[in-house]
Amino acid sequence: MTAERRNTAALRFVLPAAAAFVLAYVLQTVLDDYVMSIVNFVGINIILAVSLNITNGMTGLFSLGHPGFMAIGGYVTAILTLPAARKAMFLPDLPAWLAGLQAPFVPALVVGGLCAAATALVIGLPVLRLKGHYLAVATMGFLIIVQVLITNWDSVTRGPLGLNGLADLTTVWQVLPWVLLTLYVSWKVKFSSLGRTMIAVREDELAAQCLGVNLFFTRVLSLALGAFFAGVAGGLWAHLVTAITPSSFSLIMAFNIVVMVVVGGSGSITGSLLAAVLFTVLTEAFRPLEEHYGLYGIGEILMALVLILILIYRPGGMLGTREPRFLVDDDG
Amino acid sequence: MGGGYIAQQIVNGLILGSMYALVAIGFSMIYGIIRLINFAHGDVVMIGAFVTLALMQVAGLPFVLVAAGALAAGAVVGVLIERGAFRPMRGAPQVTGFIASLAVSIMLQNLGILLLTAQPRNFTFPAALQKVINAGPVSFRVIDLVIMLSALGLMVLVMLLVKRTRLGMAMRATAENLDVARLMGININRTILAAFAMGSALAGIAGLMWGGKFGQIDPLLGYVPGLKSFVAAVIGGVGSIPGAILGGYILGLAEVLFVGLLPPIYSAYRDAFVFGTLIVILLIMPNGLLGSDKGERA
Amino acid sequence: MLEVDDIHVYRGRTYVLKGISLRVTRGEIVALIGANGAGKTTTLRTISGLLHPRRGHIRYRPEADGPELELDRLPAEEIVRRGISHCPEGRGIFASLTVRENLLVGAYLRRDNRGIEDDYRRVCDLFPILGQRAGQAAGSLSGGEQEMLAVGRALMSRPRLLILDEPSLGLGPLVVETLFATLADINRRGVTILLVEQNAVMALELAHRAYVLETGRVTLSGSGEELAADPEVRRAYLGGA
């Protein structure tokens, strides 16, 4: 890569990033708090879809465990940022070292992400030996187990009541950098030798094995990387909603993130991004419809229908595994 | 905690197990023939339950007709699901089918909520079926006996159908090799449809039983029997009908004894236990107790 | 009887058959030989309807004086009904079904129970081991027995045209010898045979005529003896100069 090309590559990222900051500033000044919270949901969903795309899209490991990682990240972040006084009220049985601790938001998010990633490593070692739909089922099991454990681990999680009244720390200035970081890392991964390895694993396991690719390592790594960002997204989510309960991280949520990745095109970062935006906006648009006319469930029905139609008629989603031409080098 | 208590728990486990087994058979049949984990199978149970409610409490039909209606409703829903969602994507990777079945499941549940609201409804069987029978240390209702016996009868019927009839032979051949089955002149579309119809009919009637056993139904009730029967099918070896039956009874008994014999605190972890078992079985015993196809999971 | 006319077939995105033409006359044994990947199996699968040509036609006349049928758009299960029986690559026996069930599945489209039983006995006469193992799971048979079962199963539909894909694969020389003798016998009883073989020596000895396929095209054709004598064929497929 020549210096000139490196410059254009950098520009490709820096320019949109700068544009995003300007856009965020404009939105912040123009929009009210409610609409701004939707913008933040869009950002969180981008992080979720793009990070799941690392696991599901690029490596082809169909994981339904993403909300499980979100839950871990969310609870860790929430507990770390909770003021000591509230901890004493909510969680009187917390171990002393944790009870006195109050961390700033960003480090708390990082720790939350790391906990999720560490969990991914631990469960990945046994579970990633499974393939295809059995892996999907096992990760679904992981999700349910996380839910059950959180519900019952009262001394740390306050059980089914969850933690409420969390500080509303999640502003667009928190979300946007994480969105950009997720996109950047994901992009770097896709167009690196690791990314090519991942796609090789997805396309043809046998061939990848013959090339001496360490399949297992690649799989565990991609699961852990996806889990890290899911954990961060969980933390952001908790401090946007300002509450966290075990039932928030459900199979429906897993399904919704999968819909975003499939609709966007498994493997395409741009696709996941666009689908996440579309998904969030449409869900918000449906909410008044459901509430006004009492048509509860109509949003989910349409979402499921769209997914089935896409799986039948356009299994590659909007963009397949590709990225738009203007964003990639021809040889990239 | 005497012998009588344990005997009663075993009876409860057998009742629960017969329902799991019925649902698991359909699960296994569908998996066996097209290697599809049909997550929507449990929601057919829900539809069977609501159809029973409509025919029995609203239309007031006699019990036998209600049962026939539940079977038929299950079969129809199974056929619609196959034609609408799974046939158009046949040949796609397995996980695509699984994700689609998740979508179908979510669609059916939310259709239920949309049309019937999420409010649970009471399910009352005729008094004759509610009568309690005391047999020594154990007691159960007539309906429980009906559930156990009719489940057994249906199991025998299905096994005979698969083992002894031309259709059953075609199903087994199709399950082994789609292409070669076609070379024998078997219309695999019709055969696959028949497997969906039969399996889903059993799920439909299981819905009747579910309502009878628990007395309350709602649009989300399919989740639990769906998952449990999947676990039962995996325990027995997915694809094997006798395996599904065995797995159903084992799971029913294990679950009741687990909850009945351990301190109550553990029952909160029941779902975690069920799923933990599932993952462990997939990892260490992917063919279950009676399954045979090798090397597909690990 | 069968005329394959310039068929072009894709498998997924791969262009496999690039215009194959061949014909099989009533009563003949015709062999297709060629290296791996030449398109032999694809040709057979297209004839029996598991694949469909993007271009070209397959015409088939079941009765000598009957009408001609276009096969290239019919699904596989309809083609069996018209008297073409395909014994697939790798035998494709149904391992979990019993030997007897495998044979009965071969007669799946027939309703004449008495005729089916007659043919069942006839196949058991042809391959006595099948009768002895009738109740056993087919998966427990040896390779040679499985091949006999596959051929027997294909005969159960009373085919006019029997298609065989690599019947000798993985079998010992003695078994192959017997098998080919039986095939000649089946042919003498009036069944036309189209077969694909890796074992070109045996195939050319058995066949009346043969076609050589290379990368999706027919490169040579002629009688068995002619091809066996052709220096090109000898060098490439018969392992001699």
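Structural data are supplied above this passage.
In this report, the structure presented in the accompanying data block is examined. (Residues numbered from 1 in each chain as written. Chains lettered and ligands numbered in written order. Predicted model: local features only at pLDDT ≥ 70, side-chain atom pairs only at ≥ 80, totals over all residues. Heavy atoms only, no water.)

1. Section: the packing of aromatic side chains
Within a pair of aromatic rings, the relevant descriptors are the distance that separates the centres and the angle that separates the planes. For the structure shown, the criterion picks out 15 aromatic pairs over all chains. Geometrically, the ring pair formed by tryptophan 178 of chain A and phenylalanine 228 of chain A is tilted, given 6.4 Å between the ring centres and 55 degrees between the ring planes. With tryptophan 178 of chain A in helix H9 (residues 172–190) and phenylalanine 228 of chain A in helix H12 (residues 215–241), this pair connects stretches of sequence that are 50 residues apart. The exposure classification of tryptophan 178 of chain A matches that of phenylalanine 228 of chain A, with both residues buried. When the ring of tryptophan 187 of chain A is compared with that of phenylalanine 191 of chain A, the centres are 5.3 Å apart and the planes differ by 45 degrees; the resulting orientation is tilted. According to the relative accessible area criterion, phenylalanine 191 of chain A is partly exposed, its value standing at 25%. The rings of Trp178, Phe228 and Phe229 of chain A are connected pair by pair, giving a single aromatic cluster. For arginine 166 of chain B, the ring lying beneath its charged end belongs to tyrosine 108 of chain C, and the centroid distance is 4.1 Å. If you follow lysine 213 of chain B out to its NZ or CZ, it ends over the ring of phenylalanine 214 of chain B, 5.6 Å from the centre. (Phe/Tyr/Trp six-rings, centres within 6.5 Å; stacked < 30°, edge-to-face > 60°. Helix = DSSP H or I, 4+ residues; strand = E, 2+ residues; numbered from the N terminus. Buried < 20%, exposed > 50% of the residue type's maximum accessible area, 1.4 Å probe, protein only. Lys NZ or Arg CZ within 6 Å of the ring centre and 35° of its normal.)

2. As for the interface of chain A and chain B
Taken residue by residue, the interface counts 37 residues in chain A and 39 residues in chain B. Summing both partners gives a buried area of about 3,500 Å² for chain A against chain B, and 82% of it is carried by carbon and sulfur. The interface formed by chain A and chain B includes zero salt bridges. Joining chain A to chain B, the criterion identifies two residue pairs in polar contact (both at pLDDT 80 or more). Among the elements of the structure, helix H6 (105–127), helix H7 (132–152), helix H13 (251–264) and helix H15 (298–313) of chain A are those that each provide at least two residues to the side of chain A that touches chain B. Counting residues per element, the side of chain A that touches chain B draws most heavily on H7 of chain A, which supplies 14 residues. Partitioned by chemical class, the residues of the side of chain A that touches chain B number 29 nonpolar, five polar and three charged. (Contact = heavy atoms within 4.5 Å. Buried area = accessible area lost by both parts, 1.4 Å probe. Salt bridge = Lys/Arg side-chain N within 4 Å of Asp/Glu carboxyl O. Polar contact = N/O pair within 3.5 Å; in protein donor to acceptor, adjacent residues only side chain to side chain. Nonpolar A, V, L, I, M, F, W, Y, C, P; charged D, E, K, R; others polar.)

3. Things to note about H6 of chain A
Taking 1.5 Å of rise per residue, the 23 residues of H6 of chain A would be expected to cover 33 Å, and the 32 Å separating its terminal C-alpha atoms lies within 8% of that figure. Within H6 of chain A, the full set of buried residues consists of Phe105, Ala108, Leu109, Gly112, Gly113, Ala116, Ala117, Ala120, Ile123, Gly124 and Val127 of chain A. (Expected span 1.5 Å × (residues − 1).)

4. Re the sheet that holds strand E4 (residues 55–60) of chain C
All names here are of chain C. Pairing is antiparallel across the open sheet formed by four strands, whose spatial order is E2-E1-E4-E5. The open sheet has two edge strands with one neighbour each: strand E2 (14–24) and strand E5 (69–70). Pairing geometry for strand E1 (residues 2–11) and E4, over five bridges, is antiparallel. For glutamate 3, the partnering residue across the bridge sits in E4 and is arginine 59. Strands in contact with helix H1 (residues 40–47) are E1, E2 and E4; relative to E1, the strand with the most contacts, it is inclined by about 110 degrees. (Pairing = 2+ DSSP bridges. Axes fitted to C-alpha atoms, helices over the stretch in contact; angles between N-to-C directions.)

5. Looking at the side chain of threonine 157 of chain A
Residue and element names in this part refer to chain A. Relative to the assigned elements, threonine 157 resides in helix H8 (residues 154–157). Of the polar contacts made by the side chain of threonine 157, one reaches the backbone oxygen of isoleucine 150; its length is 2.7 Å. Engagement of the side chain of threonine 157 in a polar contact is seen with the backbone oxygen of tryptophan 153, the distance being 2.8 Å. Other than its neighbours up to four places away in sequence, threonine 157 contacts Tyr75, Leu91, Ile150, Gly162 and Leu163.

6. Overview of the nonpolar core
Grouped together as the largest cluster of nonpolar side chains are 193 residues, with contacts concentrated most on Phe69 and Leu163 of chain A together with Leu22, Ile25 and Phe98 of chain B. With 16 residues, helix H1 (residues 3–34) of chain B is the largest single contributor of residues to this core. Apart from residues no more than four positions distant in its own chain, leucine 163 of chain A is found in contact with Tyr75, Ala78, Ile79, Phe90, Leu91, Thr157, Arg158, Thr242, Ala243 and Ile244 of chain A. Counting 48 residues, the second largest nonpolar core, distinct from the first, contains Leu130, Leu179, Ile186 and Ala203 of chain C. (Core = buried A, V, L, I, M, F, W, Y, C linked by side-chain atoms within 4.5 Å.)

7. Focus on the state of the cysteines
The tally for this structure, following the rule as stated, stands at zero disulfides over all chains. With no disulfide of its own, cysteine 124 of chain C lies 16 Å from the sulfur of cysteine 87 of chain C, the closest cysteine sulfur. (Disulfide = S-S within 2.5 Å.)

8. Looking at the pattern of salt bridges
Across all of its chains, the model carries 28 salt bridges over all chains by this definition. When salt bridges with common partners are traced through the structure, they connect Arg110, Asp112, Asp119, Arg122 and Arg158 of chain C into a single cluster.

9. Some details on the environment of glycine 204 of chain B
Residue and element names in this part refer to chain B. Secondary-structure assignment places glycine 204 in helix H9 (residues 188–214). Its relative accessible area of 0% is what places glycine 204 among the buried residues. Each C-alpha atom, one on glycine 204 and one on glycine 74, is 4.1 Å from the other, the two residues being 130 residues apart in sequence. Look past the residues within four positions of glycine 204 in its chain and what remains in contact with it is Val44, Gly48, Ala70 and Gly74.

10. Overview of the arrangement of the chains
Counting contacts across all two pairs of chains that touch, the top-ranked interface belongs to chains A and B. Regarding chain A and chain C, the two do not touch, and the least distance separating their C-alpha atoms is 15 Å.

11. Some words on the pairing of strand E2 (residues 132–135) of chain B
Residues and elements named next belong to chain B. Of the pairings in the sheet, the one linking E2 to strand E3 (residues 138–141) comprises four bridges and is antiparallel in character. Residue pairing in the sheet places valine 132 in a bridge with arginine 141 of E3. Here E2 folds back onto E3, and the loop between the two strands holds two residues, one of which, glycine 136, carries a positive phi near 60 degrees.

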